[in-house]
Structures are given as C-alpha cells and as structure tokens.
Amino acid sequence: MKAAIFKEARKLEVTEIPVPKPTEDEILIKVDYCGICGSDLHTYTKGLYVNPGQIMGHEFAGVVKEIGANVSGLTIDQKVVIRPLIECGSCQHCLAGMPHLCANGLVDGIGYGRPGAFAEYIIVPKPLVNKVVFPLPDNVSTKEAALIEPLAVAVHGVKLANVDLADKVVVFGAGTIGLFVAQVLKTIGNCHVTQIDISNKRLELAKELGVDVVINAQEENVMERLVEITGAGNYGAGASVDVVFECAGVPITVNQSLEAVRHGGKIISLALFEENVSLDPTILVQKEISWKGSFAYNTEFKTAIDLLSSGKVNAEALISHLYPIDEVTAAFEKQLKANESVKVCFEF
Ligand SMILES: [Zn+2]
Ligand SMILES: [Zn+2]
C-alpha cells in the first residue's frame, strides 16, 4: 500500500509498504478520506510534534476490512470514523473522566506514536465501539466524516465555554476549527457570532454557514468594529465581547482577545502557536477574565456525528480540495495557502 512518511520539515515521502496485519485485538480499516490538520502543518513547516519516519494523519474515516477474533460489535465493510487518541485507561486523568489529558493519548495515538492515516490502510488498536470506533449513520458519508475529529475539537471548546443563550461571541480564525466553532455556536439559542480572519475565501464561507458578522482584519479595524457590535468596554477601553474563541494562533489575536473581552468575560484558546506571545497579564486581573485552554475532545465524537447527521453542522462545505496521496507535497502547500484553501483532504 501507499503511505506518506514524514522525513523532515517540508519533506514527506510516499512509499510502498506492506498492508499491516491486525492482531486478534485489532481491526484493519481501509482509509477513504484523511484531512490535513493545523497541527500537521506545524509538523510540515517546523518539524514539530512527530519524529522522522512517522506516518501522520489522524482526521480520517473509512471502512472496516478485517476484524480480530477478540473484537465484537463491528462488521466487515461498515463505514466508521475513529477517535485517534489511544488512552491508557488507568492514569489519574483517565480515572477522573478526562482521558484526553492522558499522556498516553498522543504518545500511542494514531498519527503520532503509531502509524496514521496518510496511508491506504490503518490498524486500530482497542477498537471499542462508540469509544474508539464509531459506526456512521447512513446519511453521513466517509468524506464528511473525515472532519468529525476537528468538529469534536470545536464541540469540546464550546462546551468548556458554557456559552449563554444570548452571548455576543467572537471567533478569531476561520480555519476548520474556527468555522466549526462558529457553526456549533449558531446551534445555541440566540448567540451572536462575529468571525475574524484575513482570508476572504474563508470569511465568505463563514457568512454562508450562518455567522452574523465577518471582519477581515487586514481591511478593517478589528477593535473599532467590535465596539460597534458589542459596545465599548469599561472605562471606554476595548470592547464588550462575552466569550472569545482564539482559533487563529498568531500573537496579535491573543492581545486582541484580551482587549475585546468584557470584564468577567471568557477566552477559550484552541489554537496552537509556533512562537511565544508577549502580553500584559495585568489585564487578566483587572478584567477578571476566565482564560481556558481546550485540548482535543473527550466524549464529543458522538455529538459531532449527531450534528452532521441532523444537518445542523455542514462539514462538506469546508472541504475545498481533494488530493491523491501521491501528491502529498502539493496538498500540504495548498493547505498552507489560507486564501485559496479551507480544508484539504486526501482521497484514497
Ligand atoms: Zn487534528
Ligand atoms: Zn491515562
């Protein structure tokens, strides 16, 4: 089978390797679609997160092709999506119901420690149904299901925010995570959502998908616009946003988040950064801001599948490009071009 192997920054190589054989406790999946994640881009540009030799790819869906003798509840040719974190089940985080914070989750995770889905076939260990392997409803294709993983990331972030029914919310960044956060927010009450980015292509899509206001940070003054939408903050400083989602991952949006949020407001950080950020923590104290990180997902795969199946969230609209795995470099370069692409996926 073909697999794309990470060699070093800016270098992935497509190689022919044997189809792996599942043990009696594993299953073999034929990958249909696998997305390029924002974290994969950090690996591609800077060599972060994985070691050379790794087959990356953790946002995927496909079809069950072989089932180990000890595995139950699955059938051959069943459409499934996989939750790629492989937790230990016995550390303090796993026992406390926060398995996504288990150190084993990534170390042994699909696309990190163990081979990922930038390949035609993949082994899934511990394939518990509705915990690791999720059968797809008839009306959810494996193409849109490849985006269930980032949708679950967005659902987790929105859950952590405890957004109120009429909150004024700002989402910095209109990449896959930002677009999903905005769509999930629009399923909540009368939430008003403003999305900010520098890519008109992505902002146009945000608007089509139901966001109330979009701001291009290169063409407009972000804080002036946010004051127009939410009112000025206390003492006439900054804006009055109830909840900010930071899904952009650049230094300026962190400082804009602190400036935009109201006294007593919340910031949820979902983005990963390639550089350190300079900020004045005094503003956290004076505004009594609740600033929370949001990592991956806990039990949100099921919610994400339901959101797609019910039509409340549109994943297919985010897929801007499909590439064969042979064109792995072209695919990564396209995903880096925010003005041209939204979500780039490999099609097998
Ligand atoms: Zn991801
Ligand atoms: Zn654990």
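What you see is a predicted model, and the numbers here were worked out from it, not measured in a lab.

A separate point is helix α1 (residues 38–46). Here α1 lies mainly inside the structure; 7 of its 9 residues are buried. Inspection of α1 places Ser39, Asp40, Leu41, His42, Thr43, Tyr44 and Thr45 among the buried residues, and these make up the whole buried set. Elements that come into contact with the buried residues of α1 comprise β1 (2–8), β2 (11–16), β3 (27–35) and α12 (328–336). Positive backbone phi, approximately 75 degrees, marks Gly47, located one or two places after α1.

With that settled, the discussion passes to the domain arrangement of the protein. Partitioning the protein into structural domains gives domain 1 (2–147 + 315–347) and domain 2 (152–293). The C-alpha centroid of domain 2 is placed 29 Å from the C-alpha centroid of domain 1. Taken together, the contact pairs 18 residues of domain 1 with 14 residues of domain 2. Carbon and sulfur atoms supply 59% of the area that domain 1 and domain 2 bury against each other, a total of about 1,400 Å² over both sides. Scanning the region where domain 1 abuts domain 2 turns up 0 salt bridges. If you look at where domain 1 meets domain 2, you find 5 residue pairs in polar contact (both at pLDDT 80 or more). For the side of domain 1 that touches domain 2, the leading source of residues is α1, giving 4 residues. Across the side of domain 1 that touches domain 2, the residue classes tally to 7 nonpolar, 8 polar and 3 charged.

The next point concerns the coordination of the zinc ion (ligand 1). At 2.2 to 2.6 Å from the zinc ion (ligand 1) lie its protein donor atoms, namely Cys37 (SG), His58 (NE2) and Glu59 (OE). The sequence pattern describing where the donors of the zinc ion (ligand 1) fall on their chain is C-x20-H-E. Separated by 21 residues along the polypeptide, Cys37 in the loop between β3 and α1 and His58 in the loop between α1 and β4 (59–67) bring together distant segments of the chain. Using a relative accessible area of 3% as the deciding quantity, one classes His58 as buried.

Before going further, it helps to examine the nonpolar core. Of all hydrophobic cores here, the largest spans 53 residues; its most connected members are Val81, Ile148, Leu151, Val163, Leu185 and Phe245. Of all the secondary structure elements, the ones that give two or more residues to this core are α5 (148–161), β8 (168–172), α6 (176–185), α7 (200–208), β11 (241–246) and α11 (300–309). Broken down by element, this core gets its largest block of residues, 8 residues, from α5. Here this core spans two domains, and each of domain 1 (2–147 + 315–347) and domain 2 (152–293) adds at least three residues to it. When neighbours within four sequence positions are excluded, Phe245 is seen to be in contact with Gly157, Val158, Ala161, Val163, Val169, Val170, Val171, Phe172, Val181, Leu185, Ile268 and Leu270. Listed in part, the 39 residues of the second largest apolar core include Ile36, Ile55, Leu74 and Val80.

Ordered in space as β10-β9-β8-β11-β12-β13, the 6 strands form an open sheet in which the pairing is parallel. The open sheet is flanked by β10 (213–216) and β13 (290–293), the only strands paired with a single partner. Neighbour to neighbour, the strand axes of the sheet diverge by 15 degrees on average, direction disregarded. Of the pairings in the sheet, the one linking strand β9 (residues 192–197) to β10 comprises 4 bridges and is parallel in character.

Moving on, we come to the pattern of salt bridges. A complete count under the given rule lists 18 salt bridges for this structure. Between Lys343 and Glu59 there is a salt bridge, with its nearest N and O atoms 2.7 Å apart. Here Glu59 lies in strand β4 and Lys343 lies in strand β15 (residues 343–347), a separation of 284 residues in the sequence. Grouping residues by exposure puts Lys343 and Glu59 together as buried. The residue Asp306 makes a salt bridge to Lys302 at a minimum N-O spacing of 3.1 Å. In this pair, Asp306 and Lys302 are both assigned in helix α11, 4 residues apart and thus about one turn of the helix distant. You can call Asp306 partly exposed: its relative accessible area is 36%. Here the salt bridges do not stand alone but share partners, grouping Lys7, Lys11 and Glu13 into one network.

Another point: a nonpolar patch on the surface. Side chains of Met98, Leu101, Leu106 and Phe295 sit close together on the surface and give an oily, nonpolar patch of about 310 Å² of accessible area. Relative to the helices and strands, Leu106 is located in helix α3 (residues 104–107). What makes Leu106 partly exposed here is its relative accessible area of 34%.

Coordination sphere of the zinc ion (ligand 2), protein contribution only: Cys88 (SG), Cys91 (SG), Cys94 (SG) and Cys102 (SG), at 2.3 to 2.4 Å. Spacing between the donor residues of the zinc ion (ligand 2) along their common chain follows C-x2-C-x2-C-x7-C. Looking at Cys91, the relative accessible area reads 23%, which means it is partly exposed.

A few words on the packing of aromatic side chains. Counted by the stated rule, this structure contains 5 aromatic pairs. Between the aromatic rings of Phe118 and Phe332, the centroid separation amounts to 6.0 Å while the plane-to-plane angle is 85 degrees, which identifies the pairing as edge-to-face. Separated by 214 residues along the polypeptide, Phe118 in the loop between α3 and β6 (121–124) and Phe332 in helix α12 bring together distant segments of the chain. On the basis of relative accessibility, which here comes to 0%, the residue Phe118 falls in the buried class. Classification of Phe332 as buried rests on a relative accessible area of 0%.

Cut-offs and rules
- Residues numbered from 1 in each chain as written.
- Chains lettered and ligands numbered in written order.
- Predicted model: local features only at pLDDT ≥ 70, side-chain atom pairs only at ≥ 80, totals over all residues.
- Heavy atoms only, no water.
- Buried < 20%, exposed > 50% of the residue type's maximum accessible area, 1.4 Å probe, protein only.
- Helix = DSSP H or I, 4+ residues; strand = E, 2+ residues; numbered from the N terminus.
- Contact = heavy atoms within 4.5 Å.
- Domains from an automatic or database assignment.
- Buried area = accessible area lost by both parts, 1.4 Å probe.
- Salt bridge = Lys/Arg side-chain N within 4 Å of Asp/Glu carboxyl O.
- Polar contact = N/O pair within 3.5 Å; in protein donor to acceptor, adjacent residues only side chain to side chain.
- Nonpolar A, V, L, I, M, F, W, Y, C, P; charged D, E, K, R; others polar.
- Donors = N, O, S within 2.8 Å, 3.2 Å for Na, K, Ca; no water.
- Core = buried A, V, L, I, M, F, W, Y, C linked by side-chain atoms within 4.5 Å.
- Pairing = 2+ DSSP bridges.
- Axes fitted to C-alpha atoms, helices over the stretch in contact; angles between N-to-C directions.
- Patch = residues over 30% accessible without salt bridge, like charges linked within 9 Å, V, L, I, M, F, W, Y side chains within 5 Å.
- Areas by Shrake-Rupley, 256 points an atom, 1.4 Å probe, with all protein chains shown as cover.
- Phe/Tyr/Trp six-rings, centres within 6.5 Å; stacked < 30°, edge-to-face > 60°.

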